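An overview of the molecular structure
Chain by chain, the residues run as shown.
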Amino acid sequence: MSRRPINEIIVVLKEEVSELTKITSSLDEHFVEMPQKIEGSENLILVQRIDTLHQYLHDISNLLSVVGSSIPESLLMDVSNIHDVIVLDDLRRRVAGQLDESALHLSSVGNVELF
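Keep in mind the model is a prediction, meaning the values are calculated, not measured.

1. Considering the overall build of the protein
Within the protein, the regular secondary structure consists of 4 helices and 2 strands. Going residue by residue from the N terminus, the α and β elements of the protein occur as β-α-α-α-β-α. Every one of the 115 residues in the protein was classed for burial, and the buried ones make up 27%. Counting only contacts in the protein whose residues sit at least 6 apart along the sequence, the fraction spanning at least 24 positions is 67%. Summing over all exposed atoms, the protein offers an accessible surface of approximately 8400 Å²; the carbon and sulfur share of this is 58%.

In structure tokens, the structure reads:
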């Protein structure tokens, strides 16, 4: 059984959500002109939803920071069975403490893999 401090897992999740926040911010910047170029309210709604997603992720990241700092280091979680709930290998390895950097981070992006 592999155990890891819960506060460390929360830090990893906070970092992952922070990277997602950066991605949505980039999307928001790229799509901000879209409603002006393409007619239809669906496009404006899409841009608003991207902005809302960005705000939600930012708030969740901030909340995870607060939660992580309030959890004692002595509380441990069994991470040996996380493969049952986390599909992405990089994220699973981050939560288990086997990978230091998020796969979402720009410096970790290598070859583009389309699925």
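Here the narrative resumes, following the displayed structure.
2. Points about helix H4 (residues 89-96)
Among all positions in H4, only Arg92, Arg94, Val95 and Ala96 are buried. Gly97 sits one or two residues past H4 and shows a positive phi near 85 degrees.

Definitions and cut-offs
- Residues numbered from 1 in each chain as written.
- Predicted model: local features only at pLDDT ≥ 70, side-chain atom pairs only at ≥ 80, totals over all residues.
- Heavy atoms only, no water.
- Helix = DSSP H or I, 4+ residues; strand = E, 2+ residues; numbered from the N terminus.
- Buried < 20%, exposed > 50% of the residue type's maximum accessible area, 1.4 Å probe, protein only.
- Contact = heavy atoms within 4.5 Å.
- Areas by Shrake-Rupley, 256 points an atom, 1.4 Å probe, with all protein chains shown as cover.

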